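# Observations on the three-dimensional arrangement
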Amino acid sequence: MIDVRGLSVDYLVQRHGFRSIKEYIVSLGSKRLLERKRILTGVDLEIRAGECFGIVGRNGSGKSTLLRVLAGIVEPASGSVQVHGTVAPMLALGVGLEPELTGLENARLCASLMGHDRAATQRTLENVRSFSGLAEIDLGMAVKRYSTGMTARLGFAIATANDPDVLLIDEVLAVGDAGFQRKCYERIAELKKRGSTVVLVSHSLGEVQRICDRAACMEQGTVVAVGHPHEVGLRYHELLGIPPAA
Amino acid sequence: MPSGLSAPHAATTRLRRAHGPLLLALAWKNVRLRYKSSLLGFAWTLLNPLIFLLIFLFIFRHAFPQVPNYPVFALSGLIFWAFFATVSGHILGALVENAGVLKSLAVPPLAFPLAQLFAGLFNLLLSFVPFAFIMAFFGWRPALVHLLVLPVTALLATFLFGIGLGLCALNVYFRDIGLLWGALLPAFFYLTPIAYPPDLVPARLQWIAALNPLYHFIGLVRTVLVDGVVPGSSEWITAVWIAALALVIGLFLHHALRRGYIANY
């Protein structure tokens, strides 16, 4: 279960896009170095256990930042966030994968990055073998030789290995081939049956409407609609300026 | 952490994770990756100081007759200089290079620079064995007092981590910190008595030489390894102060700047 109340998030960003000290020194006195930029404002959201929850919204509306807060990567400026259970974030494709290491070595490394203990790491390795659909010879190969789809398979297998209570997915299912996508959806359904919560950020309204129980639409750092994916989809299309599909 | 992030979240994703295995896994990865695509592998840890030693022997062989055993003198300084120069660069880049992970997984950022330090220390300690043989070849004889090089290494590592962490934190905001450090390192190399004996600096300018923090660490190394005596308490105290100060500054910069990391990696 996820409970978000009055959540606001600020990012400290370089005010003038300084990338070098020279620029800063040249402008010293006239320009402040960092600026507080509000990314999320007053987000309220309740996601129930065992639910597949979709989040749609235009680019820059704060979807990814919301997932980062749920994953414990970004600290809120104000408000409260409660996430019950273990969290497995899949916020980008192939995160933490070291190109020079093999698939299995990477699985072990990622398990450490996710804070797994020895037993959980073993389960990760087993799951990678059984679920990723990668042959043993591929798993012994350096990840730099993997195709995008293979990387996606490995990443998904690692992230979902330990039956997380909460799975956060940011737009990463789109890259695999159709067979892999079906496998991912099956795995999501399986996790849901166990009582896991899945939060899915997607630009594909079709995907959200197909697999999500409920959805939210975000705009300018806040949630503007929550409800049945079809209703939320109407609102999203309104924002995009697209007339609802006939 | 603001009070907003309430207990259940903290209990599940933060407190339960043990950082020890994570650090170990990252450090081991660094050790492996460092030399994965190079033929000579670990040998590079040795080769860097040895190449410098050859150059020094060629140029300075007769320059410093007051140094009784110049090869051992030079090599003892070079080993620790190479450690400092290499690992400071690795720590400096640790956050920026792992931006992808830091943006996507709830890993404490400090783990990355720390893992680089551990990887560097591992390499250094491993290299002590072959270096001992090389120094023995030049007439150096091991003794119990030489074990004091371990606390000296610990002090240098603390200093190195403090400096590296501060630079690393700043580097998230200003990428030219890395370039600047690359340009400053050779200057430090010549300012520090590595190739030359410290008394080469005129007495009235000694206080300037002593402003260089590395001067004191290299001095300790030489007292232990070359002179083979236990350093005096003032030598230890100076090094402890410098190391502690560097660590405090590094940790301060890290904590002051960490809230903005996420938007600037």
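Residues numbered from 1 in each chain as written. Chains lettered and ligands numbered in written order. Predicted model: local features only at pLDDT ≥ 70, side-chain atom pairs only at ≥ 80, totals over all residues.

## Concerning the overall build of chain B
Scanning chain B for helices and strands turns up 13 helices and zero strands. Sequence-ordered secondary structure for chain B, helices as α and strands as β, is α-α-α-α-α-α-α-α-α-α-α-α-α. Compactness check: chain B gives a C-alpha radius of gyration of 20 Å against a globular reference of 18 Å for 265 residues, within 12% of the reference. The principal-axis extent of the C-alpha atoms belonging to chain B is close to 65 × 45 × 35 Å. Out of the 265 residues in chain B, the part that is buried amounts to 42%. (Helix = DSSP H or I, 4+ residues; strand = E, 2+ residues; numbered from the N terminus. Rg over C-alpha atoms; globule rule 2.2 N^0.38 Å. Buried ≥ 20, exposed ≤ 12 C-beta atoms within 10 Å, placed from the backbone.)

## Points about unusual backbone geometry
Residue and element names in this part refer to chain A. With a phi angle near 40°, Asp-163 is a residue other than glycine that sits in the positive phi range. Within the secondary structure, Asp-163 is located in the loop between α6 (148–159) and β6 (166–170). Classification of Asp-163 by C-beta neighbours within 10 Å gives partly exposed; the count is 16. At Gln-220, a residue that is not glycine, the phi angle is positive and equals roughly 50°. Checked against the element boundaries, Gln-220 lands in the loop between β8 (214–219) and β9 (222–227). Residue Gln-220 is classed as partly exposed on the basis of its 15 C-beta neighbours within 10 Å.

## Some thoughts on the sheet that holds β6 of chain A
Residue and element names in this part refer to chain A. Strand order in the open sheet formed by six strands is β5-β6-β7-β3-β8-β9, with mixed pairing between adjacent strands. Of all strands in the sheet, those bounded by a partner on one side alone are β5 (87–90) and β9. When the angles between neighbouring strand axes are averaged without regard to direction, this sheet yields 15°. Here helix α9 (residues 229–240) sits on the sheet in contact with β3 (52–57), β8 and β9, set at roughly 20° to β8. (Pairing = 2+ DSSP bridges. Axes fitted to C-alpha atoms, helices over the stretch in contact; angles between N-to-C directions. Contact = placed C-beta atoms within 7 Å.)

## Description of the sheet that holds strand β2 (residues 34–47) of chain A
Residue and element names in this part refer to chain A. The three strands lie next to each other as β2-β1-β4, forming an open sheet whose pairing is antiparallel. Two strands close off the open sheet at either side, each with one partner strand: β2 and β4 (78–83). Taken pair by pair, the neighbouring strands of this sheet meet at an average axis angle of 35°, ignoring direction. Inspection of the sheet shows strand β1 (residues 2–14) paired to β4 by five bridges, in the antiparallel sense.

## Topic: helix α12 (residues 233–257) of chain B
Residues and elements named next belong to chain B. Counted at 1.5 Å a residue, the expected span for α12 with its 25 residues is 36 Å, and the 36 Å between its end C-alpha atoms agrees. Thr-238, Ala-239, Ile-242, Ala-243, Ala-246, Gly-250 and His-254 are the residues of α12 that are buried. Residues of α12 that are buried make contact with α8 (149–173) and α11 (213–225). (Expected span 1.5 Å × (residues − 1).)

## Topic: the confidence of the model for chain A
Scored by pLDDT, chain A comes out at a mean of 88, with 91% of its residues at no less than 70. At the low end of the mean pLDDT range in chain A sits helix α1 (residues 21–27) of chain A, at 64; at the high end sits β8 of chain A, at 96. (pLDDT = per-residue confidence, 0-100.)

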